[in-house]
Amino acid sequence: MDKWRIKKGDTVQVIAGKDKGKRGEILSVERDARRVVVKDVNVVTRHEKPSMTSAGGLVKKEKSIHASNVMLIDSSDDKPTRVGFKVVDGKKVRFSKRTGALIG
């Protein structure tokens, strides 16, 4: 099983692809496919049929991107950072390799 260094709710920056440099919050994680959905990144337009719940028409939504193409934003200095793990008080926690600060 792979270690996941990012999770839902984290703020990340895209480091590769057409949306390189954009930042957003992780909306969902697809662990089996190693993909994440980031808010306002990889936005596509789809035609949707009218139904009981929606009016239909053109709908913009985010598609998933590979997890290796995003990097966690360190809250202490607002820059992308690699993530490490260490044990603090018997609990495994994430920390920023850039600053050494613990990640919530």
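Each remark here, short or long, concerns the structure printed above.
These numbers come from a predicted model, not from an experiment. Here the residue numbering is sequential within each chain, running from 1 through the sequence in written order. Restriction of local features to residues with pLDDT of at least 70 applies here, the model being predicted, together with a cutoff of 80 or more for giving and counting side-chain atom pairs; totals for whole chains, interfaces and linings are based on all residues. Side-chain figures throughout are based on the complete set of non-hydrogen atoms in the structure, without hydrogens or water.

*Asks:* For the sheet that holds strand β2 (residues 23-30), give the residues involved together with the corresponding values.
*Replies:* What the 6 strands build is an open sheet, ordered β6-β3-β2-β1-β7-β8; its pairing is antiparallel. Of all the strands in the sheet, just β6 (65-66) and β8 (79-81) have a single pairing partner and so form its edges. Think of it this way: DSSP has to see at least two bridges between two strands before they count as a pair. Secondary structure elements follow DSSP: runs of H or I no shorter than four residues count as helices, runs of E no shorter than two count as strands, and numbering proceeds from the N terminus. Pairing of strand β7 (residues 70-74) with β8, which is carried by 3 bridges, proceeds in the antiparallel orientation. Within β8, the position partnered with leucine 72 by the bridge is threonine 81.

*Asks:* Got a sec to walk through the environment of histidine 66? Specific residues and values, please.
*Replies:* Residue position: histidine 66 is located in strand β6. Categorising residues by exposure relies on relative accessible area from a 1.4 Å probe, with only protein chains included: less than 20% of the type maximum marks a residue as buried, more than 50% marks it as exposed, and the intermediate range marks it as partly exposed. Among the residues examined, histidine 66 registers a relative accessible area of 29% and is labelled partly exposed. On a C-alpha basis, the gap between histidine 66 and aspartate 32 in space is 11 Å, while along the polypeptide they are 34 residues apart. In what follows, residue pairs with any heavy atoms lying within 4.5 Å of each other are defined as contacts. Residue contacts for histidine 66: discarding those within four places in its chain leaves Ala33, Arg34 and Arg35. For the purposes of these results, a polar contact is taken to be a pair of N or O atoms within 3.5 Å, where, inside protein, one atom must be able to donate a hydrogen and its partner to accept one; residues adjacent in sequence count only when each atom of the pair is a side-chain atom. Within the structure, the side chain of histidine 66 is placed 2.8 Å from the side chain of serine 68, a separation counted as a polar contact.

*Asks:* Tell me about the pattern of salt bridges, residues and numbers included.
*Replies:* When a carboxyl oxygen of Asp or Glu is within 4 Å of a side-chain nitrogen of Lys or Arg, the pair counts as a salt bridge. Counted under the stated rule, the structure contains 4 salt bridges. Where aspartate 78 meets arginine 23, a salt bridge forms, and the shortest distance between an N and an O atom there is 3.2 Å. Residue aspartate 78 is found in the loop between β7 and β8, and its partner arginine 23 is found in strand β2; the two are separated by 55 residues along the sequence. Judged by relative accessible area, arginine 23 falls into the partly exposed class, the value being 38%. Aspartate 77 is paired through a salt bridge with arginine 98; the nearest N and O atoms lie 3.7 Å apart.

*Asks:* I'd like to hear about the nonpolar core, residue by residue, with values.
*Replies:* One recurring pattern in soluble globular proteins is that nonpolar side chains are buried together. Only buried residues count toward a nonpolar core. Its members are Ala, Val, Leu, Ile, Met, Phe, Trp, Tyr and Cys residues joined through side-chain atoms within 4.5 Å. Counting 14 residues, the largest nonpolar core has Ile6, Val12, Val36, Val38, Ile65, Val70 and Leu72 as its most contacted members. Mapped by element, the contributors of at least two residues to this core are β1 (11-14), β3 (35-38) and β7. Those residues in contact with leucine 72 that sit more than four places away from it in its chain are Ile6, Asp10, Thr11, Val12, Lys79, Pro80, Thr81, Val83, Arg94 and Ile103.

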